[in-house]
Amino acid sequence: RKEVEQDPGPFNVPEGATVAFNCTYSNSASQSFFWYRQDCRKEPKLLMSVYSSGNEDGRFTAQLNRASQYISLLIRDSKLSDSATYLCVVIPAFSGGYNKLIFGAGTRLAVHP
Amino acid sequence: ETGVTQSPTHLIKTRGQQVTLRCSSQSGHNTVSWYQQALGQGPQFIFQYYREEENGRGNFPPRFSGLQFPNYSSELNVNALELDDSALYLCASQRDLNTEAFFGQGTRLTVV
């Protein structure tokens, strides 16, 4: 089983739609969670951290369910500029003195007019 | 912009050659990690440097090695290049362990 799993998509949605991405992780002791956005052939860019209480940033809402080891990202009122690959990222339990980011393979979103 | 810069941006090498990639971390960040991203996949952790010491390593062979300098910039060295080493190499800078990571624009390495 992969450490972080995402639906690869692609999700093809019209402008204005609401779309949700899900991500599951295998290490129950994982401690930090993030969503990154990656445009084609570019570097990943931090979209938002994910907190246990859930958090919202404009049209984006992230939620964490530790019991189910599940992270979600909701995008409301999709824009053409939201078209990208969304990467779910987990930092596992602190062990061996270092933290590595574990990435899912990404979910591709295509927003069309 | 993240303030993390990588060089070069693109590189073509021949199988068996050696390559050095460079990364300047964001000011005030003491942790640098390197990732390899193959086409269609998420980035894979190569190793991490914390205050000039290697601080963890992923599932990569010893021909992948690195350094971190006193100013916290870093190098990734790959010896005996193989075709499968063709990928986007990303450098991530963190203020400290377990904080958000900010990526450079990457070096796209092609091995022919």
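Details of the structure are given in the entry above.
Calculation criteria
- Residues numbered from 1 in each chain as written.
- Chains lettered and ligands numbered in written order.
- Predicted model: local features only at pLDDT ≥ 70, side-chain atom pairs only at ≥ 80, totals over all residues.
- Heavy atoms only, no water.
- Pairing = 2+ DSSP bridges.
- Helix = DSSP H or I, 4+ residues; strand = E, 2+ residues; numbered from the N terminus.
- Buried < 20%, exposed > 50% of the residue type's maximum accessible area, 1.4 Å probe, protein only.
- Axes fitted to C-alpha atoms, helices over the stretch in contact; angles between N-to-C directions.
- Contact = heavy atoms within 4.5 Å.
- Disulfide = S-S within 2.5 Å.
- Buried area = accessible area lost by both parts, 1.4 Å probe.
- Salt bridge = Lys/Arg side-chain N within 4 Å of Asp/Glu carboxyl O.
- Polar contact = N/O pair within 3.5 Å; in protein donor to acceptor, adjacent residues only side chain to side chain.
- Nonpolar A, V, L, I, M, F, W, Y, C, P; charged D, E, K, R; others polar.

Asks: Looking at this model, I keep getting lost on the pairing of strand S7 (residues 60-65) of chain A. Mind explaining?
Replies: For a regular strand, side-chain orientation follows a simple rule: the groups alternate between the two sheet faces. All names here are of chain A. Pairing of strand S6 (residues 55-57) with S7 involves three bridges; the strand directions are antiparallel. Bridging from a neighbouring strand, Asp 57 pairs with Phe 60 of S7. Note that S7 and strand S8 (residues 70-75) share six bridges and pair antiparallel. Note on S8: the bridge partner recorded for Asn 65 is Tyr 70. Where S7 folds back onto S8 in an antiparallel hairpin, the turn is made up of four residues, including Gln 69, whose phi is positive at roughly 55°.

Asks: Any chance you could explain unusual backbone geometry here in plain terms?
Replies: Across residues other than glycine, the phi torsion is negative in most instances, and most of the peptide bonds are trans. With an omega dihedral of 5°, the bond running from A:Gly9 to A:Pro10 counts as a cis peptide bond. By secondary structure assignment, the location of A:Pro10 is in the loop between strand S1 (4-6) and strand S2 (11-14). Of the consecutive residues B:Ser7 and B:Pro8, the connecting peptide bond is found in the cis state with omega at -10°. Not every positive phi belongs to a glycine, and A:Gln69 is a case in point at roughly 55°. For A:Gln69, the position within the fold is in the loop between S7 and S8. With relative accessibility at 17%, the residue A:Gln69 sits in the buried group. Notably, B:Glu52 is not glycine yet its phi reads approximately 75°, a positive angle.

Asks: Help me out: how do you make sense of the sheet that holds strand S3 (residues 19-24) of chain B in this one?
Replies: In a beta sheet, neighbouring strands are held together by backbone hydrogen bonds and run either parallel or antiparallel to one another. All names here are of chain B. If you walk across this open sheet you meet the four strands as S1-S3-S8-S7, and the pairing is antiparallel. Since the sheet does not close on itself, it has two edges, and those belong to strand S1 (5-7) and strand S7 (64-68), each with one partner. Here the average twist between neighbouring strands, direction ignored, is 15°. The pairing of S3 with strand S8 (residues 74-78) spans five bridges and is antiparallel. Counted as the bridge partner of Leu 21 is Leu 76 from S8.

Asks: Mind showing me how you'd approach the environment of B:Ala87 here?
Replies: Residues and elements named next belong to chain B. Structurally, the position occupied by Ala 87 is in strand S9 (residues 87-94). Sequence separation of Ala 87 and Gly 16 is 71 residues, and the distance between their C-alpha atoms is 16 Å. Once residues lying within four places of it in the same chain are set aside, the contact partners of Ala 87 are Gln 36, Gln 37, Ala 38, Thr 107, Arg 108 and Leu 109.

Asks: Help me understand the state of the cysteines in this model?
Replies: Disulfide: a covalent bond formed between the sulfur atoms of two cysteine residues. Residue and element names in this part refer to chain A. All told, the structure shown has two disulfides over all chains when counted by the stated rule. A disulfide bridge connects Cys 23 with Cys 88, and the sulfur atoms are separated by 1.9 Å. One disulfide, between Cys 23 and Cys 88, carries an S-S torsion of -75° and so falls in the left-handed class. With Cys 23 in strand S3 (residues 19-25) and Cys 88 in strand S9 (residues 84-91), this residue pair connects regions lying 65 residues apart in the sequence. Note on accessibility: Cys 23 and Cys 88 belong to one class, buried.

Asks: Hey, could you run me through the interface of chain B and chain A in this one?
Replies: You'll often see interface size given as the accessible area lost when the parts meet. Taken together, the 24 residues of chain B in the interface contact 22 residues of chain A. Carbon and sulfur atoms supply 53% of the area that chain B and chain A bury against each other, a total of about 1,900 Å² over both sides. Together, B:Asn98, B:Glu100 and B:Phe103 form the three largest contributors to the area buried by chain B at its contact with chain A, with a combined 27%. One can count zero salt bridges joining chain B with chain A. The interface formed by chain B and chain A contains four residue pairs in polar contact (both at pLDDT 80 or more). Breaking the side of chain B that touches chain A down by element, the ones donating at least two residues are strand S4 (31-37), strand S5 (44-50), strand S6 (53-57), S9 and strand S10 (101-103) of chain B. Among the residues making up the side of chain B that touches chain A, the classes are represented as nine nonpolar, twelve polar and three charged.

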